Amino acid sequence: MPVIFYQNKHQMIVNHSPWLYQLNRTRPIAVLDGDHHTDVAIIGGGIAGVSTAFYTLKNTDKKVTLIEADKIAHGATGHNGGFLASYFERSFSSLIQEFGIKMAADGQQAMESAWSLLDEIREEAQLQTPMWQFTGYAACATIEEVLVHLRNNALRIKAGLSTSLLMVSEEAKQLNDIPEMYKELYTVLPKADISALLETDDEDYIAILPERKGCMNSALFCEELVGYLITKYPDRFTLAEHTPVRRLVLKDNHAVLDISKTKKITAKEVVLCTNGFENINIVNTSGKSINNKFHQLVRGIVGYMAGYTEELNKPPVEISYLPKKFKHGSDIYEEDPYFYLTRRPYETETKETHNLICIGGPEALMDDTNNYNQEHPFPSEAKDEIDSFLRYTYKHGRKDKIEYKFLWHGLMGFTPNGVRLIGPEPLNPILYYNLGCNGVGLLPSIYGGQKISWHLAGQKVTPSIFDPKGDGPLVIKKHIRKRLNIKDTE
Ligand SMILES: Cc1cc2nc3c(=O)[nH]c(=O)nc-3n(C[C@H](O)[C@H](O)[C@H](O)COP(=O)(O)OP(=O)(O)OC[C@H]3O[C@@H](n4cnc5c(N)ncnc54)[C@H](O)[C@@H]3O)c2cc1C
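Predicted model only: the values in this text are computed from it and were never measured. (Residues numbered from 1 in each chain as written. Predicted model: local features only at pLDDT ≥ 70, side-chain atom pairs only at ≥ 80, totals over all residues. Heavy atoms only, no water.)

**Digging into the confidence of the model for the protein**
In low-pLDDT regions, the fine details of the predicted coordinates are not to be read closely. On average, the protein scores 87 in pLDDT, and the residues at 70 or more come to 87%. This model gives residues 325-335 a pLDDT under 50, and the stretch forms 33 contacts once residues within four places in sequence are excluded. (pLDDT = per-residue confidence, 0-100. Contact = heavy atoms within 4.5 Å.)

So, in structure tokens, the structure goes:
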């Protein structure tokens, strides 16, 4: 598969994220002096690694070392859309097909439990990083999208999960096409109300799926949380930044992490929180090789985003605009990526608070995630696509051309079935995973952190949809194949 990158023909635009800009880091880089021994080595200092460290320190008495190749939160955690959501980027019905209704429902509930985990962390660590919670909206342009959501919501109810009422335009010609059995699952609103909620003049949208959403600067959250862990656990927590793990050697009852020719870390257990990047060589001296499998596990998509500030005169929100070119009979979650927009208060360098509007949507494939480079310039074609979205869809009440204050990109790792990997590696259970961003990764990373700590605490953990599957054949689900442009022959 070729690597498809937008070419940056016209100008060099640097990768400039609002989340890192706001970080205002004062803490010196934390490095290790020489060889180091620990109970639990967590590799990767994004939201997955930091949350795993938080829960491992809280729920066990083990020594924890958090190892980051760069600086805390400078990976996807510092380059995302910054909205909080607890859905999978695949339909609930497809989860049921793969795992059965009980496991699918438990998995969905687990994702939703991360809202309270986030509250728990913020309260316990007394974090000041702002977070906003609200109802966000997914816009539907076709009756097929509406029916997919209704079918999913009916299944959610059957599975004992809560669900929100879909809002359908009373002027929608297709209203009569909605089967009677769904009548309790939606409400009807004037078209003008639908357009107002979606903040668009685009007449195509006929319905809205409201969902619990939020906004947070995940980089700021991690930096603050790490500061708390350093202070709270001076004897049990070690942070090592600028410390790339080149090779991970797994033995029977411990692991050796090669940092450089002269520096090594030994650990009784290791948790990989690397988002899915492959730039680590894993050698299992206690059983079958897991390196190749791991390398196949995750492929990447680069997501491009733009942000601008405006007057602070509207409340925070998140709205996603699903693609209109919906193919009849397929599943919207298998369609092209959608555009999404968030608005939240943002303090600028002059200490004034504005609204920050962030837009995401354009994506590029990464065949080999080792080739991704954060220094890669932002492609002007992605900016043009975002311009076009703002011109035709989002009603922002501005006639002038929008100047972006931020343009940034980040790498998303996708697991073969679009479900995060959380749990022990069956071929050597001293290795654990909490990785695979799959598009929506902030709350799942936090849930994963708590779940890994249960394993490390020796608790009995019930099987789940997140369990790594061992050395079985690698089956890449249809929607991931499509999204990553993987041919059926691969
Ligand atoms: C453009 C974009 C938009 C997104 N928008 C959203 C959104 O709005 N909402 C949402 O929920 N999710 C979103 N996501 C996904 C979300 O950002 C990620 O799922 C989440 O930040 C991943 O956290 P992480 O800790 O797993 O990975 P990262 O934050 O990438 O952290 C992994 C860390 O591991 C380190 N590392 C890798 N290899 C090694 C090694 N060998 N040795 C040492 N360290 C290593 C890296 O340097 C990195 O810092 C988005 C992602 C992108 C790219």
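**Topic: the pairing of strand 2 (residues 64-67)**
Alternating residues of strand 2 divide into Val64 and Leu66 and Thr65 and Ile67, and every residue in both groups is buried. Once the chain exits strand 1 (residues 36-43) it traverses helix 2 (residues 47-59) before rejoining the sheet at strand 2, and the crossover so formed is right-handed. As paired strands, strand 2 and strand 8 (residues 237-240) are joined by four bridges and run parallel to one another. Across the sheet, Ile67 pairs through a bridge with Ala240, a residue of strand 8. (Buried < 20%, exposed > 50% of the residue type's maximum accessible area, 1.4 Å probe, protein only. Helix = DSSP H or I, 4+ residues; strand = E, 2+ residues; numbered from the N terminus. Right-handed = clockwise from strand over helix to strand, strands pointing away. Pairing = 2+ DSSP bridges.)

**Looking at the pattern of salt bridges**
A full pass over the atoms with the stated rule returns 17 salt bridges. Between Glu112 and Arg156 there is a salt bridge; the shortest N-O distance is 3.1 Å. With Glu112 in helix 4 (residues 101-124) and Arg156 in helix 5 (residues 143-158), this residue pair connects regions lying 44 residues apart in the sequence. Taking relative accessible area as the criterion, Glu112 reaches 22% and is therefore assigned partly exposed. Residue classification places Arg156 among the buried residues on the basis of a relative accessible area of 14%. The network of salt bridges with common partners includes Arg25, Arg27, Glu223 and Glu241. (Salt bridge = Lys/Arg side-chain N within 4 Å of Asp/Glu carboxyl O.)

**Observations regarding empty space enclosed by the protein**
Under the criterion given, the structure shown has one cavity of 30 Å³ or more. Considering only enclosed or pocket space, the largest cavity measures out at about 60 Å³ in volume. Looking at the largest cavity, the residues that line it are Tyr87, Phe88, Glu89, Met111, Gly418, Val419, Arg420, Gly436, Cys437, Asn438, Val440 and Pro444. In the lining of the largest cavity, the residues fall into seven nonpolar, three polar and two charged. (1 Å grid on protein atoms, 1.4 Å probe; cavity = no way out; pocket = protein on both sides within 12 Å on 5 of 7 lines; lining within 4 Å. Points joined across faces, edges and corners; volume = space filled by probe spheres on them. Nonpolar A, V, L, I, M, F, W, Y, C, P; charged D, E, K, R; others polar.)

**Here we look at the site of the ligand**
Surrounding the ligand, one finds 36 residues, the nearest of these being Glu68, Thr77, Gly81, Phe83 and Cys437. Thr77 has a polar side-chain atom sitting 2.5 Å from an oxygen atom of the ligand. Here Leu442 contributes a backbone N or O atom positioned 2.9 Å from an oxygen atom of the ligand. Contact with the protein chains hides 97% of the accessible area of the ligand, taken as 1,000 Å² for the molecule alone. Looking at the shell around the ligand, the elements that each hand over two or more residues are helix 2 and strand 17 (406-414). Of the residues contributing to the shell around the ligand, the split by class is 17 nonpolar, 17 polar and two charged. (Near = heavy atom within 4 Å. Polar contact = N/O pair within 3.5 Å; in protein donor to acceptor, adjacent residues only side chain to side chain. Areas by Shrake-Rupley, 256 points an atom, 1.4 Å probe, with all protein chains shown as cover.)

**As for unusual backbone geometry**
In this structure, Ala73 is a non-glycine residue whose phi angle is positive, near 65°. Topologically, Ala73 is positioned in the loop between strand 2 and strand 3 (83-84). The class of Ala73 is buried, set by a relative accessible area of 0%.

**As for the packing of helix 2 against helix 4**
Where helix 2 contacts helix 4, the axes come no closer than 12 Å and their chain directions differ by 70°. Relative to helix 4, the element helix 2 is oriented roughly perpendicular. Taking contact as the criterion, the partners of Phe54, Tyr55 and Lys58 in helix 2 are, on helix 4, Leu117, Glu120, Ile121 and Glu124. Partitioning the contact of helix 2 with helix 4 into residue classes produces four nonpolar, no polar and three charged. (Axes fitted to C-alpha atoms, helices over the stretch in contact; angles between N-to-C directions. Parallel < 35°, antiparallel > 145°, perpendicular 65-115°, else oblique.)

**Points about the environment of Asn373**
One can find Asn373 in the loop between strand 16 (353-366) and helix 9 (380-392). Residues Asn373 and Leu411 lie 38 residues apart in sequence; the distance between their C-alpha atoms is 9.1 Å. Polar contacts involving the side chain of Asn373 include one to the main-chain amide nitrogen of Glu375, which spans 2.8 Å.

**Description of the layout of surface pockets**
Its volume calculated, the second largest pocket comes out at about 390 Å³. Forming the walls of the second largest pocket are 19 residues, and the residues nearest its centre are Gln22, Leu220, Tyr346, Glu347 and Thr348. The set of elements that each furnish at least two residues to the lining of the second largest pocket consists of helix 1 (18-21) and strand 15 (339-347). At four residues, the largest contribution of residues to the lining of the second largest pocket is made by strand 15. For the lining of the second largest pocket, the residue count by class is eight nonpolar, seven polar and four charged.

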